[in-house]
Amino acid sequence: MDLLKKIDRPEDLRKLPRTQLKPLADELRAFVLDSVSKTGGHLSSNLGTVELTIALHYVFNTPEDRIVWDVGHQTYPHKILTGRRDQMPTLRQLNGISGFPRRSESEYDTFGTAHSSTSISAALGMALAAKTKGENRHAIAVIGDGAMTAGMAFEALNNAGVHDDINLLVILNDNDMSISPPVGALNRYLARLMSGKFYATAKNVGKSVLPAPMLELAKRLEEHAKGMVVPATMFEEFGFNYIGPIDGHDLESLVPTLQNLKNLKGPQFLHVVTKKGQGYKLAEADPVLYHGPGKFNPAEGIKPATSGKVTYTQVFGDWLCDMAAHDRKLIGITPAMREGSGMVQFEQRFPDRYYDVGIAEQHAVTFAAGMACEDLKPVVAIYSTFLQRAYDQLIHDVALQNLDVTFALDRSGLVGADGATHAGNYDIAYLRCIPNMVVMAASDENECRRMLSTAYQYKGPASVRYPRGAGIGAQVEKDLDTIPLGKGEIRREGQHVAILAFGTMVAPALEAANELNATVANMRFVKPLDVELLKQLAQTHEALVTVEEGSIMGGAGAAVAEALAEAGIVKPILHLGLPDRFIDHGDANQLLAACGLDAKGIAAAISQRFGKGEPRLVVNN
Ligand SMILES: Cc1ncc(C[n+]2csc(CCOP(=O)(O)OP(=O)(O)O)c2C)c(N)n1
Ligand SMILES: CC(=O)[C@@H](O)[C@H](O)COP(=O)(O)O
Ligand SMILES: [Mg+2]
């Protein structure tokens, strides 16, 4: 690591002769592999962006020039070269550095990301801001072929392409992969561009050797020639100067091409081709497996999981297959999260009813609405955090028309290492205010399956939230039974205090209640709320406590308080849930405990407010 250890910031990198960049890339790649194997994290994408990262920081004057990474899961080489090499062992852990770019972490992280397809918009904003302020700096968006499938990326291209006088460079990092194999017409188009490689390569060589005025002439000649031999690329039609495809692992192409592009005004588009997992054979062979692994031994590779615990994702995947076998109308939809949402088996068994629509959450929801209009039964499998993208579609296209769409909300609540960007903390709040929606929260694996069947049978929009990973280990029945709509259940009879628990909080609430001798209700439904049960508990207890793994603001507890007010019941009530701040990365259980949402924290909060055992009922809420 002789070269790498001398690079504490990009200025150090820029002092190296070009001949040393290749050995530096080898060191950096080895460092990334070693580091991720010890912490877990996003591997394949980072191995693929080593040379591109070096070339960008070598050619551009960062941080004065702004690099905006899309998604940001490929920024480990960037972090290592921008002063965070020694912090890599803390990656994605409590109080450690984030797995994504964060403005608060480094001046080189120009834009916070983790949800995809924002880079061109943000970079365009920065480029136009520089122009407005009379500052001569570059803005560079680096976007993957997967992220490029989102509508937002095209909205930004559309906006950018008419600005002739900005310093904007969009780099398409095309590795022919999303998390899973890429989908859709854009992917086919990019493959066609690749097959015209000979023409493109010839074009690039010309650009890399000519001085700027000659380049303009060459460009016009080329355009003339192109008019006769090849149609302009889609990106040129959008107003960009398209260069590529070039080999994104070849520093001898990358550096001079970027140097040339730096001298060109107006929206520039560079198409680079990389390999996901580059340099680590196992990841090259299976970039899906190595997209976001946990810790592993690089010499041996990832071993199949030995834990017997079934994850909620698997519960959903099994249910989906069983329900699809039972009902031919079922359609499964994922916005680019086949593996994460547990749909691999469904795709294999029901390929005609499986749709990966790309990173296109908005489209996924409206597409489902269209299917529902035609009497099919779409199930949208989506992470809670990504459904945020499709909020208007949910309201305007689905709920307003009371269409029969099931939403399977994986990764609800805290997700752990991905942190605040991926936490599913808001779905209860943002769903419960939508008319026609049924909103359920699963307290264990079997209930999750039952709720999915309930949502599916319900004739209208219905959602089931469940967390990342495994649950309490409840036995999952193979039937497709439902639960009564809007009915909760008492899980423990106690005295004085009734805990109204939602979803994942039922288990710790039960534990806390044992200590306090409190009553526990598994409320199951945030909407329709079981108001009868609520009234009964209010009548028979001196105080109520609501607990949920979601934002307190606007959450299930708020629903309970509203229902009490509506019924004219005045009761001391304590709301436990996620606080009004973003919660960083770290182990999910540690984070929950820090928020007071483990058994100990719940018991302590209740004792503090209402006393332990015989309540001293301090009415101060
Ligand atoms: C809005 C949104 N939807 C889904 C995801 C999940 N996701 C993260 S990376 C990724 C694939 C991105 O593919 P690409 O941009 O080609 O980058 P690569 O992984 O190939 O480097 C997906 C679907 C996300 N981060 N944001
Ligand atoms: C970057 C991104 O959005 C995904 O790779 C995400 O990190 C996957 O999360 P899970 O590991 O929970 O599927
Ligand atoms: Mg890709």
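For clarity, every value in this text was computed on a predicted model and none was experimentally measured.

Cut-off values and rules
Residues numbered from 1 in each chain as written. Chains lettered and ligands numbered in written order. Predicted model: local features only at pLDDT ≥ 70, side-chain atom pairs only at ≥ 80, totals over all residues. Heavy atoms only, no water. Pairing = 2+ DSSP bridges. Helix = DSSP H or I, 4+ residues; strand = E, 2+ residues; numbered from the N terminus. Axes fitted to C-alpha atoms, helices over the stretch in contact; angles between N-to-C directions. Contact = heavy atoms within 4.5 Å. Near = heavy atom within 4 Å. Polar contact = N/O pair within 3.5 Å; in protein donor to acceptor, adjacent residues only side chain to side chain. Areas by Shrake-Rupley, 256 points an atom, 1.4 Å probe, with all protein chains shown as cover. Nonpolar A, V, L, I, M, F, W, Y, C, P; charged D, E, K, R; others polar. Domains from an automatic or database assignment. Buried < 20%, exposed > 50% of the residue type's maximum accessible area, 1.4 Å probe, protein only. Buried area = accessible area lost by both parts, 1.4 Å probe. Parallel < 35°, antiparallel > 145°, perpendicular 65-115°, else oblique. Left-handed = near helix turned anticlockwise from the far one by under 90°. Phe/Tyr/Trp six-rings, centres within 6.5 Å; stacked < 30°, edge-to-face > 60°.

Section: the sheet that holds strand E12 (residues 489–492)
- Strand order across the open sheet formed by five strands is E12-E14-E13-E16-E17, with mixed pairing between neighbours. Every other strand in the sheet has two partners, leaving E12 and strand E17 (573–578) as the edge strands with one partner each. Mean inter-strand twist for the sheet, computed between neighbouring axes without regard to direction, equals 25 degrees.
- Sheet topology note: the strand E13 (residues 497–501)/strand E14 (residues 519–522) ladder contains four bridges and is parallel. Its bridge partner being in E14, Ile499 is matched across the sheet by Val520.
- Contacts from helix H22 (residues 531–540) reach E12, E13, E14 and strand E16 (543–551), with the element oriented near 45 degrees to E12.

Observations regarding the site of ligand 2
- Surveying the vicinity of ligand 2 reveals the residues His42, Val71, His73, Phe100, Ile179, His291, Tyr383, Phe386, Arg411, Asp418, His422 and Arg468.
- Asp418 places a side-chain nitrogen or oxygen 2.5 Å from an oxygen atom of ligand 2.
- The protein chains hide 86% of the 360 Å² of surface that ligand 2 would expose on its own.
- A class-by-class count of the residues in the shell around ligand 2 yields five nonpolar, four polar and three charged.
- Residues from two domains meet in the shell around ligand 2; each of domain 1 (4–285) and domain 2 (312–465) gives at least three.

So, the environment of Thr454
- Here Thr454 is to be found in helix H20 (residues 445–457).
- For Thr454, a relative accessible area of 5% gives the class buried.
- Counting along the chain gives ten residues from Thr454 to Val464, while the straight-line C-alpha distance between them is 9.2 Å.
- With residues up to four places along the chain from it excluded, the contact list for Thr454 reads Met440, Thr482, Ile483 and Phe525.
- Looking at Thr454, its side chain comes within polar contact range of the main-chain oxygen of Arg450, at 2.6 Å.

A word on the pairing of E16
- Among the nine residues that make up E16, nine are buried, leaving the element largely enclosed by the rest of the structure.
- Taken together, the five bridges between E16 and E17 define a ladder with parallel strand orientation. Within the sheet, the bridge partner assigned to Thr546 lies in E17 and is His575.

A closer look at the site of ligand 1
- Looking at ligand 1, there are 22 residues lining it, with His73, Ala114, Gly146, Lys276 and Glu361 nearest.
- Between ligand 1 and the protein, one listed contact pairs an oxygen atom with a backbone N or O atom of Ala147 at 2.9 Å.
- Measuring from an oxygen atom of ligand 1, one finds a backbone N or O atom of Met177 at 2.9 Å.
- Split by domain, the residues of the shell around ligand 1 number at least three in each of domain 1 (4–285) and domain 2 (312–465).

Things to note about the side chain of Asn167
- Mapped onto the elements of the fold, Asn167 is located in the loop between helix H7 (151–160) and strand E3 (168–174).
- For Asn167, a relative accessible area of 10% corresponds to the buried category.
- Here Arg137 takes part through its backbone oxygen, which lies 3.4 Å from a polar atom of the side chain of Asn167.
- Leaving out residues up to four positions away in the same chain, Asn167 has contacts with Ala127, Asn136, Arg137, His138, Ala139, Leu264 and Lys265.

What to know about the domain arrangement of the protein chain
- Each domain of the protein chain was delimited in the assignment, giving domain 1 (4–285), domain 2 (312–465) and domain 3 (489–610).
- Between domain 1 and domain 3, the C-alpha centre-to-centre distance is 47 Å.
- Contact with domain 1, which involves seven residues of that partner, is made by five residues of domain 3.
- Together domain 1 and domain 3 conceal approximately 430 Å² of surface at their shared face, both sides included; 51% is due to carbon and sulfur atoms.

Focus: the packing of helix H4 (residues 50–59) against helix H5 (residues 76–84)
- Contact geometry of H4 with H5 gives a least axis separation of 9 Å together with a crossing angle of 40 degrees. One element, H4, and the other, H5, form an angle in the oblique class. For the pair H4 and H5, the crossing hand works out as right-handed. Across the interface between the two elements, Val50, Thr53, Ile54 and His57 from H4 touch Pro77, His78, Leu81 and Thr82 from H5.

Observations concerning the packing of aromatic side chains
- Here the structure, examined in full by the defined rule, presents 19 aromatic pairs.
- Between Tyr280 and Phe296, the aromatic rings sit 6.2 Å apart at their centres with planes inclined by 35 degrees, giving tilted as the arrangement. In this pair, Tyr280 sits in the loop between strand E5 (268–273) and helix H13 (281–285) while Phe296 sits in the loop between H13 and helix H14 (312–326), placing the two residues 16 residues apart along the sequence.
- A relative accessible area of 8% places Tyr280 in the buried class.
- On the basis of relative accessible area, Phe296 is assigned to the buried category, the value being 9%.
- Ring plane angle 75 degrees and centroid distance 5.2 Å describe the contact between Tyr355 and Phe367, whose orientation is recorded as edge-to-face. Of this pair, Tyr355 sits in strand E7 (residues 354–356) while Phe367 sits in helix H16 (residues 361–373), and the two are twelve residues apart along the sequence.

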